[in-house]
Amino acid sequence: MSAAVSVTPSSWAKFPFSHPCSFQKILVMLDTSTILDCRVVCTDWRDWFTASKTVWSSVSSRMVARVLRRRMRTELEQVWDIRLDLLLEMVDECWTEEQEMTMAIRIERATKQSIWCEFDDTLKVISQLHQAFYRGLMASPCVGPVCIFLRSKVAHPSVLKVMGETLARHLNCVIIDERDKEAGVVRQCLLRAMISCQQAPRWVFKDMDLGWLGEEEVEDVQQHQPEPEDCNDNQIYDEAEELTPSKFSFSYILSSIFNLVSGLFSPLKLWRMLNTFQSDVVPVTTLEGDEEEDEKHSLYSTAPPPAHNLFPTVLELLDCDSPWLKKMLIKKGGIDKILVVPKFEEVTKHLEDLGAEFTVAGLDMSGAVCKLDCGALARE
């Protein structure tokens, strides 16, 4: 009878280097959160991830295949198709491992999130413009409304209401190729919106050839009809669907193995994403000296420090599918300078900590959204 083969912590530590193809095939079958957990199992595994240049491109391809299999109810197909088209365009724009990782996480998150329908009249306009594009009357298909691509990272009702009213004038934006400004069908939609009693979309023009990951300047938003101040509290948030893996699934078994392996090593505390819906922040292990400096320039580096040490900004609470859309909201809405304080009266306790560049938004005692311009307060 042959003796059992012993598996030591050392052999597990060298597994990614001794069997790189097998290790990567296993990783591709896992979810992104577990893949990131694998990176912090030990320093050897971390070094393998740092050296690898193909793991996330493989994961991204698998996530695309998964998202294409998602099925929607008939009434939600248009909304899902609009979001999916943008995500697939961004996948085609990826050329670095960091972009591939970001897109893999973003696509996986999209498959777990619920879809809802907002701005029915705007969706009808989108449908008309898409038909015009297919007939060759437009240079590029339009994209929107913007609310399809936004989510809140938290579910607190007060936060949702503040963010909803802060972003209300931008949620109904439609992005159109700047080459289509003078297209007849676009002008017709504009005229119909001006004489309609319904809520008209806001038009944003961009150079579609520069893509959605780029940093090009944002064209001015053309507002053709006053926007109402009321906003649905849940326009930018829909709770992520709970997806509990089966205990008999291959992914669950592999996750258990990796959790067991992590216990064989130093007391590194494995970081786990609370929810892929809530954050894109990627973990790093505790490093020292030159290793810490190198990690700052790695695709696994942590997010920048918060803009304010007491209150989060709308930007920090907002999850946006596209970097270009995020930049547009920063430029047009100043969301990087709007601090969210659910209980507005708490602002009085921290006036000395609020810089003049910030605006504070929160709920008063009656539940109405209030805003305070800290710059105007400082001038007084």
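Residues numbered from 1 in each chain as written. Predicted model: local features only at pLDDT ≥ 70, side-chain atom pairs only at ≥ 80, totals over all residues. Heavy atoms only, no water.

### Observations concerning the overall build of the protein chain
Part 1: Of the regular secondary structure elements, the protein chain holds 16 helices and 8 strands.
Part 2: Expressed as a percentage of its 380 residues, the buried residues of the protein chain come to 47%.
Part 3: The long-range fraction of contacts in the protein chain, counting pairs at least 24 apart against all pairs at least 6 apart in sequence, stands at 71%. (Helix = DSSP H or I, 4+ residues; strand = E, 2+ residues; numbered from the N terminus. Buried < 20%, exposed > 50% of the residue type's maximum accessible area, 1.4 Å probe, protein only. Contact = heavy atoms within 4.5 Å.)

### A few points about the packing of helix α9 (residues 120-134) against helix α11 (residues 184-195)
Part 1: With their axes 10 Å apart at the nearest point, α9 and α11 run at an angle of 165° to one another. Of the possible angle classes, the one that applies to α9 and α11 is roughly antiparallel. Seen from above, α9 lies across α11 with right-handed handedness. In this structure, α9 uses Val125, Gln128, Leu129 and Ala132 to contact α11, whose residues at the interface are Val185, Val186, Cys189 and Arg192.
Part 2: For the contact of α9 with α11, a count of residues per class yields 6 nonpolar, 1 polar and 1 charged. (Axes fitted to C-alpha atoms, helices over the stretch in contact; angles between N-to-C directions. Parallel < 35°, antiparallel > 145°, perpendicular 65-115°, else oblique. Left-handed = near helix turned anticlockwise from the far one by under 90°. Nonpolar A, V, L, I, M, F, W, Y, C, P; charged D, E, K, R; others polar.)

### Comments concerning the nonpolar core
Part 1: Ranked by size, the top nonpolar core spans 88 residues in total, and within it Trp56, Leu129, Ile175, Ile176, Trp212 and Leu325 carry the most contacts.
Part 2: Ranked by residue count, the leading element in this core is helix α7 (residues 77-93), at 8 residues.
Part 3: Among residues more than four places away in sequence, those in contact with Trp212 are Leu86, Glu89, Met90, Glu93, Val143, Ile175, Lys206, Ser322, Pro323, Trp324 and Leu325.
Part 4: Phe311, Leu339, Phe344 and Val347 belong to the second largest nonpolar core, which has 9 residues in total. (Core = buried A, V, L, I, M, F, W, Y, C linked by side-chain atoms within 4.5 Å.)

### A few points about the packing of helix α4 (residues 32-39) against helix α6 (residues 55-68)
Part 1: At a minimum axis separation of 12 Å, α4 and α6 run at an interaxial angle of 165°. In terms of orientation, α4 and α6 fall into the roughly antiparallel class. The crossing of α4 and α6 is right-handed. Counted together, Thr32, Ile35 and Leu36 of α4 and Trp56, Val59 and Met63 of α6 form the full contact between these two elements.
Part 2: For the contact of α4 with α6, the class distribution of residues is 5 nonpolar, 1 polar and no charged.

### Focus on the sheet that holds strand β8 (residues 369-373)
Part 1: Pairing is mixed in the open sheet, where 3 strands are placed in the order β6-β7-β8. The sheet is open, and its two borders are formed by β6 (338-343) and β8, each paired with just one other strand. Within this sheet the neighbouring strands show an average axis-to-axis angle of 20°, counted without direction.
Part 2: Of the pairings in the sheet, the one linking β6 to strand β7 (residues 359-363) comprises 5 bridges and is parallel in character. Among the inter-strand pairings, Ile338 is bridged to a residue of β7, identified as Thr359.
Part 3: Together, β6, β7 and β8 form the strand contacts of helix α10 (residues 157-171), whose direction differs from that of β7 by roughly 130°. (Pairing = 2+ DSSP bridges.)

### Notes on the packing of aromatic side chains
Part 1: Per the stated rule, a full pass over the model turns up 8 aromatic pairs.
Part 2: The interplanar angle of 90° and the centroid separation of 4.9 Å between the aromatic rings of Phe23 and Trp48 together place this pair among those described as edge-to-face. Remark: Trp48 occurs in helix α5 (residues 43-51) and Phe23 occurs in helix α3 (residues 20-28); sequence separation between them is 25 residues. Summarising the burial analysis for this pair, Phe23 and Trp48 share the class buried.
Part 3: With a centroid separation of 6.3 Å and 80° between ring planes, the pair formed by Phe23 and Phe49 is classed as edge-to-face. Taken together, the residues span a long stretch of sequence, with Phe23 in helix α3 and Phe49 in helix α5 at a distance of 26 residues.
Part 4: The exposure class assigned to Phe23 is buried, which follows from its relative accessible area of 0%.
Part 5: The exposure class of Phe49 is buried, given its relative accessible area of 1%. (Phe/Tyr/Trp six-rings, centres within 6.5 Å; stacked < 30°, edge-to-face > 60°.)

### What to know about the side chain of Thr122
Part 1: Topologically, Thr122 is positioned in helix α9.
Part 2: The class for Thr122 is buried, based on a relative accessible area of 1%.
Part 3: Polar contacts involving the side chain of Thr122 include one to the side chain of Asn172, which spans 2.6 Å.
Part 4: Excluding residues within four positions of it along the chain, Thr122 makes contact with Pro145, Asn172, Val174 and Pro201. (Polar contact = N/O pair within 3.5 Å; in protein donor to acceptor, adjacent residues only side chain to side chain.)

### Concerning the pattern of salt bridges
Think of it this way: side chains of opposite charge can pair up when their charged atoms draw near.
Part 1: This model, assessed by the stated rule, comprises 9 salt bridges.
Part 2: Taking the shortest distance from any N to any O, the salt bridge between Arg179 and Asp209 comes out at 3.6 Å. Of this pair, Arg179 sits in the loop between β2 (173-177) and α11 while Asp209 sits in the loop between β3 (202-206) and β4 (221-222), and the two are 30 residues apart along the sequence.
Part 3: If you follow the salt bridges from partner to partner, you end up with Asp177, Arg179 and Asp209 in one network. (Salt bridge = Lys/Arg side-chain N within 4 Å of Asp/Glu carboxyl O.)

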